[in-house]
Amino acid sequence: MQTMMKFEIKETSWKRLFDYLKSQSMINASYEKGLHDAFLHELRMRVKNYQRKRSSSISVTQYKELRRSMYYLLDHGLPSSNQTTYFLTTPIHEQLLMGEAMIAKQIDQITSLWLKCKQRPIYFPNERYHSILNEQLPKFLGSYDISYHAHRVIEDLDYPLVDGLPLDHDMYQLQGTDLIYEYLSRFDLEQHYVSLFDQDIPSLLNRYEQLHGVALHYLGLNLCSLLIPIQYCITILPNAISLCLSHEDITYILEHTAQLKKHAVASLKQQLPPFLFAYFEPTFLAFQERLETISKKTLALLLLDEDVRTKSLFQIPPAIDGLRFAKVYNEVLEQSTCMDKIKLLKEHQIGVQDMMDLFDNGIFYGDEFMMYFDTCMEIELIVFLFLLHQEEFAFHAIIKQKQISSWVAQHEWDSYLYQYLSSCSPIKWEKLEMIMSTTIFTLCV
Amino acid sequence: MQYVYLPKKHALEVQKSQMNQELALYGFHLTQEQIKTLYKTMSLVCQKYQMIETDPSILFRFVFMIYDFKYIKSDGLMEMTQRVMDVFYALRSIYPVTLSDDDLLDRMKIACKQNHGVMDKKTRHIVMKMIEKEGLHANDDEV
């Protein structure tokens with residue numbers, strides 16, 4: 001892990017060193033008393049400054065935070081060698097200043113790593129991923145408080161890495177700049193790895209969405225965890241040419257796992273830069289182990305090979321421009337009867353997204369909605385449902401008629417749609433179910 | 001081995017004797033034992049309100065706040081100081097530092113006079129009303 005080695009995260013803690021020196025009788029009682037007083041003096045000064053010299057008292061929680069921050073600075077002030085001499089000869093105030101200087105250097109490293117990641121954009125429409133780069137890290141760098149909260153990270157760091165999510169920041173047993181540096185170093189390596197497949201990512205994500213009926217970013221999954229099984233398999237196959245494998249390839253892999261896996265890791269080692277291979281080796285090995293017990297269907301799903309061609313793809317047309325929308329809206333309002341309005345809308349071939357906007361603008365009232373829905377094609381009704389409840393369509397789930405009556409309407413027209421669908425005939429509902437099971441809906445961007 | 005830090009212990013002693021000189025003008029005196037008791041109370045009150053006091057000399061400010069009250073008899077100084085502490089830390093724990101210790105003590109003094117020299121929950125409420133009238137709200141700059 002080339003990048004991760006640039007800044008060494010301190011393993012020795014100041015308190016542990018103090019306990020060690022005390023156990024070795026290198027610190028006597030009077031020294032300990034002096035050190036304790038000096039520590040308290042520094043802490044009091046920090047409390048005073050933290051309270052803007054307006055109060056000498058502080059809440060227990062804040063006091064503990066300031067004390068933790070001081071220990072964090074002292075830990076970072078420790079040099080990598082001659083720690084004992086440094087500890088015994090350097091006044092505590094200087095040790096704190098040293099810690100601040102070391103953390104300032106670490107902040108510089110974090111800034112340059114962050115800029116490096118930002119300058120290497122990859123196509124991945126995941127909100128959390130972009131939040132890390134565009135919101136959380138800049139916020140951390142802009143608000144980091146080295147004097148009073150050096151150990152604190154309030155950012156969520158909620159984009160999961162290949163080894164999971166640093167839940168409550170406990171995963172790496174680190175805090176403050178150490179945690180950010182560790183997370184960002186891993187983030188950088190994973191981003192570097194993903195950038196190796198730069199050209200294939202959009203089609204891969206598209207295929208994943210078609211296959212599973214839900215976008216990878218919607219599930220909040222890590223992109224590397226999708227690429228690793230694929231890269232492993234294309235590496236061991238003799239003639240793989242793309243990231244998408246055939247059913248024959250999958251059968252071949254499963255039949256020859258024992259022989260193929262012998263050279264797999266060595267071959268991956270040759271393909272990847274050494275620092276990337278070092279980082280991903282455990283993940284490749286874990287997949288290799290899993291491969292022996294995996295079923296054909298699971299592997300096919302992992303490699304995105306499940307045939308999606310049996311399903312038809314319905315691209316929901318984008319909304320029309322504002323001017324055309326206003327024209328249609330005014331024309332509809334000029335119509336005197338509901339049937340005239342519906343006729344006009346059909347003539348203009350208004351898409352479902354625009355219809356929803358027109359509904360919101362009050363083109364129909366009460367039973368007029370029911371009359372409109374009665375003239376809609378089955379696919380249009382399903383698209384209304386899809387746009388209202390995309391999460392229900394995830395993993396190609398088929399919505400049941402009973403389900404609809406329990407949904408809570410967000411607008412006036414939703415309630416009429418739910419009412420219309422939950423009361424439609426079994427034959428019509430069967431047709432709707434058929435469309436749901438054979439069609440993949442995607443939004444046309 | 002001697003650690004190089006030299007704490008300014010004598011400063012507290014100087015303040016103690018200065019305080020007693022001032023108190024003597026009003027017929028009061030606090031013994032070493034009484035000061036110890038007050039520090040003990042201060043520590044208990046801080047515990048009660050989840051606060052930590054980092055400046056021991058604040059005790060003298062509590063005493064100075066009330067020593068010229070006409071309501072206090074010579075044997076009531078201790079008890080009154082203890083009540084001041086309770087009200088002070090109760091308020092300190094809820095108000096941000098935009099209200100300084102000195103400002104808080106000033107308001108407590110005014111409120112105590114309004115409450116006929118009694119330092120109790122009512123005094124606390126009077127202070128809270130005064131502060132809220134000034135537009136400051138409890139814990140509005142909590143970190």
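The model shown is predicted, which means the values in this text are computed figures rather than measured ones.

The rules behind each value
Residues numbered from 1 in each chain as written. Chains lettered and ligands numbered in written order. Predicted model: local features only at pLDDT ≥ 70, side-chain atom pairs only at ≥ 80, totals over all residues. Heavy atoms only, no water. Helix = DSSP H or I, 4+ residues; strand = E, 2+ residues; numbered from the N terminus. Buried < 20%, exposed > 50% of the residue type's maximum accessible area, 1.4 Å probe, protein only. Contact = heavy atoms within 4.5 Å. Salt bridge = Lys/Arg side-chain N within 4 Å of Asp/Glu carboxyl O. Pairing = 2+ DSSP bridges. Core = buried A, V, L, I, M, F, W, Y, C linked by side-chain atoms within 4.5 Å. Buried area = accessible area lost by both parts, 1.4 Å probe. Polar contact = N/O pair within 3.5 Å; in protein donor to acceptor, adjacent residues only side chain to side chain. Nonpolar A, V, L, I, M, F, W, Y, C, P; charged D, E, K, R; others polar. Phe/Tyr/Trp six-rings, centres within 6.5 Å; stacked < 30°, edge-to-face > 60°. Lys NZ or Arg CZ within 6 Å of the ring centre and 35° of its normal. pLDDT = per-residue confidence, 0-100. Axes fitted to C-alpha atoms, helices over the stretch in contact; angles between N-to-C directions. Parallel < 35°, antiparallel > 145°, perpendicular 65-115°, else oblique. Left-handed = near helix turned anticlockwise from the far one by under 90°. Expected span 1.5 Å × (residues − 1). Bend = angle between axes of the 7 residues up to and from the residue.

Draft legend 1. Representation of the overall build of chain B. A count of helices and strands for chain B gives six helices and one strand. Starting at the N terminus and walking to the C terminus, you meet the elements of chain B as α-α-β-α-α-α-α. Looking at chain B as a whole, 43% of its 143 residues qualify as buried. Here the analysis covers contacts within chain B between residues at least 6 apart in sequence; of these, 63% occur between residues at least 24 apart.

Draft legend 2. Region of interest: the environment of B:Q34. All names here are of chain B. Within the fold, Q34 resides in helix α2 (residues 32-48). Given a relative accessible area of 26%, Q34 falls into the partly exposed group. For the pair Q34 and M78, spaced 44 residues apart in sequence, the C-alpha separation works out to 7.5 Å. Not counting residues up to four positions away in its chain, the partners in contact with Q34 are H29 and M78.

Draft legend 3. Structural detail: the pattern of salt bridges. All names here are of chain A. On inspection of all chains with the given rule, the structure shows 19 salt bridges over all chains. Linking D188 and R120 is a salt bridge whose minimum nitrogen-to-oxygen distance equals 3.0 Å. Placement of the pair is D188 in helix α7 (residues 176-195) and R120 in the loop between α5 (92-118) and α6 (127-143), with a sequence separation of 68 residues. This pair shows no difference in class: D188 is buried, exactly as R120 is. Measuring nitrogen to oxygen at the nearest pair gives 2.0 Å for the salt bridge that ties E292 to K261. One end of the pair, E292, is in the loop between α12 (274-291) and α13 (296-302); the other, K261, is in helix α11 (residues 257-271), with 31 residues separating them in the sequence. Under the relative-accessibility criterion, K261 is labelled partly exposed at 26%.

Draft legend 4. Examining the pairing of strand β3 (residues 439-443) of chain A more closely. Residues and elements named next belong to chain A. Within β3, four of the five residues are buried, leaving the element largely enclosed by the surrounding structure. Of the pairings in the sheet, the one linking strand β2 (residues 312-316) to β3 comprises five bridges and is parallel in character. In the sheet register, Q315 faces β3, and the bridge partner there is T442.

Draft legend 5. Structural context of the nonpolar core. All names here are of chain A. Counting 97 residues, the largest nonpolar core has F187, Y193 and L223 as its most contacted members. For this core, the element with the most residues is α7, which contributes nine residues. Residues within four places of F187 in sequence aside, it is in contact with C117, Y129, I132, L133, Y159 and L161. In terms of nonpolar packing, the next biggest core, distinct from the first, is built from 45 residues, L345, F373, L385 and C424 among them.

Draft legend 6. Up close: the interface of chain A and chain B. Taken together, the contact between chain A and chain B spans 29 residues of the former and 23 residues of the latter. For the pair chain A and chain B, the summed buried area comes to about 2,300 Å², and 55% of that belongs to carbon and sulfur atoms. Inspection of the chain A/chain B interface yields zero salt bridges. Linking chain A with chain B are nine residue pairs in polar contact (both at pLDDT 80 or more). Broken down by secondary-structure element, the contributors of at least two residues to the side of chain A that touches chain B are α2 (29-50), β1 (57-59) and α3 (60-77) of chain A. Here the element with the most residues in the side of chain A that touches chain B is α2(A); it accounts for 11 residues. Grouping the amino acids of the side of chain A that touches chain B by side-chain chemistry returns 11 nonpolar, 12 polar and six charged. Across three bridges, the pairing between β1(A) and strand β1 (residues 51-53) of chain B is antiparallel. Across the sheet, the residue bridging to A:S59 is B:M51, located in β1(B).

Draft legend 7. A look at the packing of aromatic side chains. For the structure shown, the criterion picks out 37 aromatic pairs over all chains. One cation-aromatic arrangement involves A:K15 over A:Y71; the distance from NZ or CZ to the ring centre is 4.3 Å.

Draft legend 8. Quick peek at helix α20 (residues 412-422) of chain A. Among all positions in α20(A), only A:W413, A:D414, A:Y416, A:L417, A:Y418, A:Y420 and A:L421 are buried. Contacts made by the buried residues of α20(A) are with α16 (352-360), α17 (367-375), α18 (378-388), α19 (401-405) and α21 (426-438) of chain A.

Draft legend 9. Representation of the confidence of the model for chain B within the structure. Residue and element names in this part refer to chain B. Here chain B averages 85 in pLDDT, and 88% of its residues register 70 or above. Confidence, read as mean pLDDT per element, is least for helix α1 (residues 10-25) in chain B (75) and greatest for β1 (95). For this predicted complex, the interface confidence score (ipTM) comes to 0.86, while the overall pTM stands at 0.75.

Draft legend 10. Summary view of the packing of α18(A) against α20(A). All names here are of chain A. Look at α18 against α20: their axes get within 12 Å of each other, and the N-to-C directions meet at 130°. Compared by their axis directions, α18 and α20 come out oblique. Between α18 and α20 lies a crossing of left-handed hand. Contacts between α18 and α20 involve L381, F384, L385 and L388 from the first element and W413, D414, L417, Y418, Y420 and L421 from the second. Of the residues in the contact of α18 with α20, the class split is nine nonpolar, no polar and one charged.

Draft legend 11. Looking closely at the confidence of the model for chain A. When pLDDT is averaged along chain A, the result is 86; 94% of the residues meet or exceed 70. Element-level pLDDT for chain A is lowest in α13(A), with a mean of 75, against a maximum mean of 96 in α5(A).

Draft legend 12. Highlighting α12(A). All names here are of chain A. Look at α12: 24 Å from first C-alpha to last across 18 residues, which is about the 26 Å you get at 1.5 Å a residue. Helix geometry: α12 is bent most strongly at F280, by close to 50°, with proline P282 lying one to four residues after it. Every buried residue of α12 is listed here: F275, L276, F277, Y279, F280, F284, F287, Q288 and L291. Lining the buried residues of α12 we find α7, α9 (224-236), α10 (247-255), α11 and α13.

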